[in-house]
Amino acid sequence: MDLSAVSADGGRTYYTSAMLIRAHEDRLHPGAICASLSIPWGEIHGDQDVGGYHLVWPRDLVQAATAALAAGDVDLAVRVVRYLASIQSDDGGMPQNCWVDGRPHWRGIQLGEVAFPIMLAWHLHNKGLLGGFDPFPMVKAGAAYIIKWGPGSPQERWEEDAGIAPSSLATLISALVCAAGIAAKRGDGQIEKLCLETADYWTSNVERWTYATRGSLLQDNPEYYVRISSIDKKENSGIPDPDNSYVQIKNLPGGAQRYPAHEIIGGGFLGLVRYGIRSSGDERILKTLVVYDATLKVDTPYGPGWHRYNYDGYGQKASGDPYDGAGVGRLWPLLTGERGHYEIAAGRTVHQYIRTMESFASACALIPEQVWDTADIPAQHMFSGRPTGSAMPLVWSHAEYIKLLRSEHDAAVFDLIVPVRKRYIDDGVTTDLQVWTFKQKLRELHPKQALRIEVYAPARLHWTANNWVTIHDTELSHAGLDVYAHEFDREQFNHASAVKFTFYWYSTKKWEGSDFSVGIDKKASGLQRNPGRTQESEPSIG
């Protein structure tokens, strides 16, 4: 597809980007696209640094595939889906990164990297472009993995912290809605129902988990989505509080440091708009946008750029020396593209953002991972708005650029998940359901909220609502995808102070050995912070 007409340089960067994505695909393993053929700060790295950007990251891979789809290269996108299915683990997970032959390298878990392949499969399946390839086995396994691990992820998209991040939530919710849609077409109503119930629960709690109300980054603007809300291991609840949790930031010159979650902001919240979970005019999005731009935006001679998050340490040192494990985070061109996609969602054109991404590129139209963001240091070849020693080209940067062109061409966000937008923005679906799992041990519940207890093996629920005076035994029902659950009726615990319970496991024929408790508190109605739809305001131009 020719998108050169919406570019600012006659298509030079567009055609280069399309060719670069194809050039990064391995010829012996179709669909395997590495993150970059470059070596970031290669002047200080030798052959002993194994892996690096030459590996395949499922997240970056899907970005490349959706960009190929945006450019009209359907065959490449289909090859990527087939490849992703081939590297999926038996439990439904995806490697943090892997060699082109699928051998995992780093062993971290990023739930977003499990979600993105499902979203790509949905785009192709929805358009009838998969030919004879059946994505349902990959989608089912991925959805089961997401439900069992989520909503908190051991790593967010920057691969640095565990917790619940708006960026991760956006992809996880979208992937579950996509999985539900594919299951529905297969006539599997059980999986459809489970995926939608989980997505609805997480969507209704986005603000509770990630929206701060006492932030201090901008005077008179205390409310905004945080970069990530970490899980308090001491409480062992798996339920974060963005106003009272802490985030550790690594890669800093003085070593890792701990900051309150409400003091760290990033652009991940834009994914809530991009995929259709929150509208561009949602007042919480608008409040966050003001703080995001004020905190992380830098106007360079070539246009605006954004940092990943404040206090970021991954980038060229202040002196201009190469990053060696510590440094200062710089501007990422792909974030200019993400910010541009918000403008598209808000109904505006993004020629400025397109021109800026092109201007951030090198003389031969390679878009880097990062560009310099402060005063020039000629002796170090560091100039404002020009590439640093980071990865160049970065496939993700080129993919984001192509999708921005396509979104401008269509006057609509190209990778919007339409059924997500319909469900959560148009129809305003929400739920008061609260879920207890071993990874998210719910602490308290309002009696008018529904309680669901969910585990991932066959079991009998042994419970009481009056401190074991009266005892009940309930078989957990199979909800699909090896999820076993029981949902109590609303107001079932109007006169109780707590629900206490344990499990008898059929596979081992043993009791759990510990009791658990969910308090019943009539003051707990604030468990969901600002759920559902809100009054929309006219978006302000950022």
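None of these values were measured; they are calculated from a predicted model.

Cut-offs used in this document
- Residues numbered from 1 in each chain as written.
- Predicted model: local features only at pLDDT ≥ 70, side-chain atom pairs only at ≥ 80, totals over all residues.
- Heavy atoms only, no water.
- Helix = DSSP H or I, 4+ residues; strand = E, 2+ residues; numbered from the N terminus.
- Rg over C-alpha atoms; globule rule 2.2 N^0.38 Å.
- Contact = heavy atoms within 4.5 Å.
- Areas by Shrake-Rupley, 256 points an atom, 1.4 Å probe, with all protein chains shown as cover.
- Buried < 20%, exposed > 50% of the residue type's maximum accessible area, 1.4 Å probe, protein only.
- Pairing = 2+ DSSP bridges.
- Axes fitted to C-alpha atoms, helices over the stretch in contact; angles between N-to-C directions.
- Parallel < 35°, antiparallel > 145°, perpendicular 65-115°, else oblique.
- Nonpolar A, V, L, I, M, F, W, Y, C, P; charged D, E, K, R; others polar.
- Polar contact = N/O pair within 3.5 Å; in protein donor to acceptor, adjacent residues only side chain to side chain.
- Phe/Tyr/Trp six-rings, centres within 6.5 Å; stacked < 30°, edge-to-face > 60°.
- Lys NZ or Arg CZ within 6 Å of the ring centre and 35° of its normal.
- pLDDT = per-residue confidence, 0-100.
- Core = buried A, V, L, I, M, F, W, Y, C linked by side-chain atoms within 4.5 Å.
- Left-handed = near helix turned anticlockwise from the far one by under 90°.
- Expected span 1.5 Å × (residues − 1).
- Salt bridge = Lys/Arg side-chain N within 4 Å of Asp/Glu carboxyl O.

1. Describing the overall build of the protein chain
Logical step 1: The secondary structure content of the protein chain amounts to 14 helices and 16 strands.
Logical step 2: Relative to the globule expectation of 24 Å for 542 residues, the C-alpha radius of gyration of the protein chain, 23 Å, shows essentially globular dimensions.
Logical step 3: Contacts in the protein chain between residues far apart in sequence, at least 24 positions, make up 70% of those at least 6 positions apart.
Logical step 4: Accessible surface computed for the protein chain: about 20700 Å², of which carbon and sulfur atoms make up 50%.

2. What to know about the pairing of strand β5 (residues 297-300)
Logical step 1: Of the two faces of β5, only the one carrying V298 and T300 is buried; K297 and D299 on the other face are not.
Logical step 2: Bridging between β5 and strand β6 (residues 303-306) involves four bridges; their strand directions are antiparallel. Residue V298 lies in a different strand from β6, and its bridge partner there is G305.
Logical step 3: A loop of two residues connects β5 with β6, the two strands running antiparallel in sequence.

3. Here's the deal with the packing of helix α11 (residues 333-345) against helix α12 (residues 351-360)
Logical step 1: Here α11 crosses α12 at 170°, and the two axes come no closer than 9 Å. On the basis of the axis angle, α11 is roughly antiparallel to α12. Across the interface between the two elements, P333, L334, T336, G337, R339, G340 and E343 of α11 pack against Y353, T356, M357 and F360 of α12.
Logical step 2: Partitioned by chemical class, the residues of the contact of α11 with α12 number five nonpolar, four polar and two charged.

4. As for the side chain of D73
Logical step 1: Among the structural elements, D73 can be located in the loop between α2 (58-70) and α3 (74-87).
Logical step 2: On the basis of relative accessible area, D73 is assigned to the buried category, the value being 18%.
Logical step 3: In terms of polar contacts, D73 uses its side chain to reach the backbone amide nitrogen of L76, at 3.2 Å.
Logical step 4: With residues near it in sequence (within four places) discarded, D73 still touches R22 and A68.

5. Concerning the packing of aromatic side chains
Logical step 1: One pass over the full model with this rule turns up 33 aromatic pairs.
Logical step 2: For the ring pair W436 and F438, a centre distance of 5.0 Å and an interplane angle of 65° mean the geometry is edge-to-face.
Logical step 3: The class of W436 is buried, set by a relative accessible area of 1%.
Logical step 4: Through a chain of ring-to-ring contacts, the aromatic side chains of W41, W158, Y314, Y323, W332 and W396 assemble into a single cluster.
Logical step 5: The aromatic ring of Y309 is capped on one face by R227, whose charged end is 3.9 Å from the ring centroid.
Logical step 6: Above the face of the W149 ring, K439 is positioned so that its terminal group lies 4.0 Å from the ring centre.

6. Details of the confidence of the model for the protein chain
Logical step 1: Averaged over the protein chain, the pLDDT score is 94; the fraction of residues at 70 or greater is 95%.
Logical step 2: Every residue in residues 525-542 is under pLDDT 50, and counting partners more than four places away or in other chains gives 61 contacts.

7. So, the nonpolar core
Logical step 1: The biggest cluster of nonpolar side chains holds 156 residues, and the ones touching the most others in it are I21, L84, I146, C195, W202, F501 and F503.
Logical step 2: A per-element tally of this core places helix α6 (residues 166-185) first, with twelve residues.
Logical step 3: Beyond its immediate sequence surroundings of up to four residues, I21 is in contact with I33, A64, A67, L76, V395, A399 and I402.

8. Comments concerning the packing of helix α5 (residues 136-149) against α6
Logical step 1: Across the interface, α5 lies against α6 with an axial gap of 10 Å and an inter-helix angle of 140°. Here α5 is positioned oblique relative to α6, judged by the angle of their axes. For the element pair α5 and α6, the recorded crossing hand is left-handed. On α6, the residues touching F136, V139, A143, I146 and I147 of α5 are L172, A175, L176, A179, I182 and A183.
Logical step 2: Of the residues assigned to the contact of α5 with α6, the class counts are eleven nonpolar, no polar and no charged.

9. What to know about α6
Logical step 1: The end-to-end C-alpha separation of α6 is 29 Å, in line with the 28 Å expected for 20 residues at 1.5 Å each.
Logical step 2: Most of α6 is tucked away, with 17 of its 20 residues classed as buried.
Logical step 3: Backbone geometry just after α6 places G187 at a positive phi near 75°.

10. Let's talk about the sheet that holds strand β9 (residues 451-455)
Logical step 1: Spatially, four strands are ordered β7-β9-β13-β12 in an open sheet, and the strand pairing comes out mixed. Each edge of the open sheet carries a strand with a single partner, namely β7 (434-436) and β12 (477-480). For this sheet, the mean angle separating the axes of adjacent strands, direction not counted, is 40°.
Logical step 2: Note that β9 and strand β13 (residues 483-487) share four bridges and pair antiparallel. Bridging from a neighbouring strand, V455 pairs with Y484 of β13.

11. Description of the side chain of R227
Logical step 1: With respect to the helices, strands and loops of the structure, R227 is situated in the loop between β2 (224-225) and β3 (246-249).
Logical step 2: Looking at R227, the relative accessible area reads 6%, which means it is buried.
Logical step 3: In this structure the side chain of R227 is engaged in a polar contact, spanning 3.2 Å, whose partner is the side chain of E156.

12. Brief notes about the pattern of salt bridges
Logical step 1: This model, assessed by the stated rule, comprises 34 salt bridges.
Logical step 2: E338 serves as the salt-bridge partner of R157, at 2.8 Å between the closest nitrogen and oxygen. With R157 in the loop between α5 and α6 and E338 in helix α11, this pair connects stretches of sequence that are 181 residues apart. Grouping residues by exposure puts R157 and E338 together as buried.
Logical step 3: R308 is the salt-bridge partner of E160, the closest N and O atoms lying 3.0 Å from each other. Taken as a pair, E160 in the loop between α5 and α6 and R308 in the loop between β6 and α11 lie far apart in primary sequence, 148 residues in all. Judged on exposure class, the residue E160 and its partner R308 are both buried.
Logical step 4: One salt-bridge network, in which partners are shared between bridges, spans E156, E160, D161, R227, R308 and D312.

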